[in-house]
Amino acid sequence: MMEMPAANPIIFDKGKCIGCNRCMEICQVDIFLPNPEKGKPPIVAYPGECWYCGCCVMECPVEGAIELRHPLMNRVHWVEKKLLLEQANK
Amino acid sequence: MYDYKWPYPLEYDKEEIINADVLVLGGGIAGCMAAIAAARAGQKVVLVEKGATKRSGAGGSGCDHWESAATNPCSKVTPEELTQAMLHDNEGFNNGISHYIECREGYDRLLDIEKMGGKIRDTEDEFVGAEFRDDETKLMFAYDYENRFTLRIWGTTFKPAMYKELKRLGVNIVNRVMVTSLLTEGGAQGARCVGATGIHTRTGKFYIFNAKASIICMSRPSRVWLFSAELPGLCEFRPPQCVGDGHAMGWRAGAEFTMMEKSVRAEFSAAGRSYPPYGAGNNHNTWYAASIIDSRGKEIPYADRDGNILTDVKDRFRPARGQKFFMKGGSIDYPKYEIEGPETLPFSKMIEQGYKLPFYADLTALPEEERRVIWGMMVGQEGKTNVPIYKNYTKEGFDPSKHVLQCYGTGWTSASFLPQERQLFGLPGGFFNDWTLSTNIQGLYVAGDALYASNCYGHAATTGYYAGRHAAKYAIVNDLIQWDTQQVEKEKARVYAPLKNEPHNSIGWKELNMAIAKTMQNYCGEVKYDDLLKIGLARLKEYEEKIIPQTFAYNPHELVRLLEVSNILTVSQIIMEASLARKISVDALCFKRGDAIEDDSSKDKLIVIRQQENEVIKREVPVDFFGDLKENYEKYNQDYIRGDRS
């Protein structure tokens with residue numbers, strides 16, 4: 001049986017990841033474990049412990065192989081200023 | 001729940017012994033700079049880090065501005081003026097020694113880091129002609145553009161540069177090892193420090209470090225009042241494994257602490273309910289001086305300290321009429337009139353005047369170079385902004401010339417917290433130090449966030465380097481002393497004890513951390529009472545005596561988390577003891593008593609506490625115990641001033 005975590009901080013693009021484990025070695029919190037299958041992305045063993053610094057993405061040699069995603073509750077909102085002004089003038 | 005096998009070899013029964021002249025505990029900014037200084041002084045240096053030194057620590061991912069570099073060629077203020085302003089701003093409850101070091105040596109360290117490969121100036125001429133740039137040196141400044149003592153920096157380049165320098169100097173870097181205790185001569189509390197013990201975070205192997213001098217470069221405590229079992233990584237502003245291990249082992253070893261009664265209501269922070277740091281609408285710090293608008297697009301005016309409305313954006317970066325300089329940044333929350341800088345009008349006043357919520361940070365109408373330096377340099381170089389904020393928001397379509405970013409909580413903060421949700425922030429307590437950054441324990445030095453009244457990147461880097469120099473001097477004239485076998489065996493038994501329990505009826509690290517946080521919120525919240533503090537302390541002691549022996553960890557990773565929570569438990573006791581020792585309210589310490597006594601003889605005193613054979617020993621020290629800043633600095637640092645090797 002499995003359980004969905006409160007956040008999925010690290011999303012690997014399996015097509016792009018070369019399984020070099022550099023993300024795992026740079027993570028100061030050590031949230032990853034090596035994949036038992038060589039060449040596959042590391043396992044995000046402790047997703048709740050991610051502090052969202054982004055060093056794994058900064059260290060990754062392949063653009064777009066790792067996405068860092070803040071939990072839904074942390075997504076902020078922005079709006080075009082033009083729309084605010086238009087609404088105010090209605 | 002995973003059904004993977006633990007992928008690393010388990011080495012709980014193995015032991016490794018490592019010798020050094022200078023042992024650096026912690027590989028963040030302070031630790032790296034301490035190790036570099038000691039290695040340059042010709043010492044054999046070992047640096048122990050729980051994570052991965054190249055990006056570890058609070059500043060591992062970056063930093064956008066370096067405060068108080070008063071000796072840079074464009075600065076119009078002196079180190080003395082800046083330090084005095086910092087002391088005055090906190091009624092003296094600040095670390096005059098460490099902040100003078102920060103002001104005096106900050107620019108030296110910047111040049112040093114530049115030589116290592118860090119970027120400290122606009123070498124690519126991206127901001128030529130901008131008012132915040134000195135076109136001759138290409139240095140860029142933040143906040144007060146007239147006085148120019150805070151530099152904008154490309155801090156994402158700093159930690160990797162330091163790491164490279166450590167390797168070049170031959171420092172023995174031991175990554176993935178949690179330091180668990182300090183070793184003292186004969187195993188006696190308060191005796192000379194002869195090294196430390198550690199445990200590998202992946203294999204569980206035990207380490208004994210034997211050194212002539214040791215430097216604590218570990219973090220300030222965290223997760224004391226704030227904890228989320230689901231998202232422990234988002235509990236605090238600093239990394240989740242930075243919980244104040246140094247404070248805990250220092251207390252056990254008999255080191256002196258001060259200002260530990262100080263805590264603030266959680267604020268500009270990641271603490272679970274707030275939005276990502278620097279990622280929501282605001283106009284402080286990294287985002288100074290963004291415009292703030294209401295939901296109709298109407299701008300909230302900026303005013304100077306006298307309430308004069310500032311109509312020109314340029315005035316947001318100038319001192320007020322008759323003011324020498326103003327200060328902003330890490331530790332300036334409620335500035336005194338003398339250094340109070342421009343600020344948007346108070347939130348409550350805006351609501352009274354009919355401004356509509358929510359508010360937004362608006363870069364669209366700023367001069368182009370101000371917009372570009374906030375979004376793209378500051379947001380981009382500041383810690384935790386490069387990927388989660390700058391790259392991700394850009395990918396999702398955020399355009400700073402078109403979009404405005406929403407503020408949360410009330411006004412332009414990023415969350416609202418309850419009074420009992422507290423943290424050690426804004427110059428918190430820590431190790432008490434002298435002019436060599438030595439503790440009361442011989443051979444034990446301290447730097448960065450472990451010091452009392454620490455704040456930012458520049459403070460960590462400068463005090464790290466300074467402690468490294470002085471620890472090296474100590475190591476040169478002192479012999480290596482063998483550790484005490486009994487002390488090591490006792491520590492080994494302590495760290496491995498949880499492995500012997502059974503999971504089905506034991507307590508895990510998260511359950512214990514939640515219990516501590518709740519206890520602290522209940523008994524040591526915003527307003528302190530002796531009666532409550534005493535009960536709270538008894539609860540914590542109960543956890544130590546009865547609950548710790550019932551804890552369990554599945555693997556080395558969990559064991560390390562559990563040992564961290566043991567440290568949080570110790571730190572919580574220091575905070576309770578310090579709170580009990582302070583009998584009156586002190587605004588500068590954000591310390592409120594519900595049962596204050598009338599005797600205010602301690603109002604200008606630091607209360608310094610330490611532990612000796614389970615007794616808490618207190619003494620009072622005048623807040624300005626360090627004497628004349630310049631005179632004493634020069635007395636202890638003639639070799640550095642002369643430019644000797646280190």
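As the structure is a prediction and not an experimental result, all values here were calculated from the model.

Basis of the calculations
Residues numbered from 1 in each chain as written. Chains lettered and ligands numbered in written order. Predicted model: local features only at pLDDT ≥ 70, side-chain atom pairs only at ≥ 80, totals over all residues. Heavy atoms only, no water. Buried < 20%, exposed > 50% of the residue type's maximum accessible area, 1.4 Å probe, protein only. Helix = DSSP H or I, 4+ residues; strand = E, 2+ residues; numbered from the N terminus. Pairing = 2+ DSSP bridges. Lys, Arg positive; Asp, Glu negative; His and termini not counted. Salt bridge = Lys/Arg side-chain N within 4 Å of Asp/Glu carboxyl O. Polar contact = N/O pair within 3.5 Å; in protein donor to acceptor, adjacent residues only side chain to side chain. Contact = heavy atoms within 4.5 Å. Phe/Tyr/Trp six-rings, centres within 6.5 Å; stacked < 30°, edge-to-face > 60°. Domains from an automatic or database assignment. Axes fitted to C-alpha atoms, helices over the stretch in contact; angles between N-to-C directions.

Colleague: Looking at this structure, how should I read helix 5 (residues 245–253) of chain B?
Modeller: Three- or four-residue spacings in an α-helix give side chains the same orientation, since the helix completes a turn every 3.6 residues. Residues and elements named next belong to chain B. For helix 5, the tally of buried residues reaches eight of nine residues, placing the bulk of the element in the interior. Taken together, the buried positions of helix 5 are occupied by Asp 245, Gly 246, His 247, Ala 248, Met 249, Gly 250, Trp 251 and Ala 253. Gly 254 lies just past helix 5 and shows a positive phi near 95 degrees.

Colleague: What is the right way to read the pairing of strand 8 (residues 193–200) of chain B from this model?
Modeller: It is a general feature of regular strands that their side chains alternate between the two faces of the sheet. Counting buried positions over the eight residues of strand 8 of chain B gives eight, a clear majority of the element. The hairpin formed by strand 8 of chain B and strand 9 (residues 206–216) of chain B contains five residues between the paired strands, and Gly204(B) there has a positive phi angle of roughly 80 degrees.

Colleague: How should unusual backbone geometry be read in this particular structure?
Modeller: What you tend to see is this: most non-glycine residues have negative phi, and most peptide bonds are trans. All names here are of chain B. The omega angle of the peptide bond from Tyr 288 to Ala 289 is 0 degrees, so this bond is cis rather than trans. Mapped onto the elements of the fold, Ala 289 is located in the loop between strand 11 (264–265) and strand 12 (291–293). Going from Leu 357 to Pro 358, the amide bond is cis rather than trans, its omega being -10 degrees. Counting through the fold element by element, Pro 358 comes out in the loop between helix 6 (347–352) and strand 16 (360–362). Despite not being glycine, Glu 91 has its phi angle at roughly 50 degrees, a positive value. Secondary-structure assignment places Glu 91 in the loop between helix 2 (79–89) and helix 3 (96–116).

Colleague: For this particular structure, what's the right way to read the side chain of Glu49(B)?
Modeller: Residue and element names in this part refer to chain B. Here Glu 49 lies in the loop between strand 2 (45–48) and strand 3 (65–66). Notably, Glu 49 is buried but unbridged: the nearest opposite-charge side chain belongs to Lys 159, and the N-O separation is 6.2 Å. At a separation of 2.7 Å, a polar atom in the side chain of Glu 49 contacts the main-chain amide nitrogen of Gly 27. Ignoring sequence-local partners within four residues, the contact set of Glu 49 consists of Gly 26, Gly 27, Gly 28, Ser 56, Val 174, Asn 175, Arg 176 and Val 177.

Colleague: What exactly am I supposed to notice about the packing of aromatic side chains here?
Modeller: Both the distance between ring centres and the angle between the ring planes are used here to describe each pair of aromatic rings. All names here are of chain B. What the rule picks out here adds up to 35 aromatic pairs over all chains. An angle of 70 degrees between the planes, with centres 5.7 Å apart, marks the rings of Tyr 12 and Tyr 496 as edge-to-face. With Tyr 12 in the segment before strand 1 (15–25) and Tyr 496 in helix 11 (residues 485–496), this residue pair connects regions lying 484 residues apart in the sequence. A relative accessible area of 21% means that Tyr 12 is categorised as partly exposed. Tyr 496 sits in the buried class, given a relative accessible area of 8%.

Colleague: Teacher, can you tell me more about the domain arrangement of chain B here?
Modeller: The domain boundaries assigned to chain B delineate domain 1 (285–406) and domain 2 (490–594). Taking only C-alpha atoms into account, the centre of domain 1 of chain B sits 39 Å from that of domain 2 of chain B.

Colleague: I would appreciate a short explanation of the sheet that holds strand 10 (residues 257–258) of chain B in the present structure.
Modeller: Backbone hydrogen bonds are what pair the strands of a sheet, in a parallel or an antiparallel way. Residues and elements named next belong to chain B. Across the sheet, four strands lie side by side as 19-10-23-24; this open sheet has antiparallel pairing. One side of each edge strand has no neighbouring strand; the edge strands of this open sheet are strand 19 (430–431) and strand 24 (615–622). Relative to the sheet, helix 14 (residues 556–581) contacts strand 23 (605–612) and strand 24, its axis offset from that of strand 23 by approximately 130 degrees.

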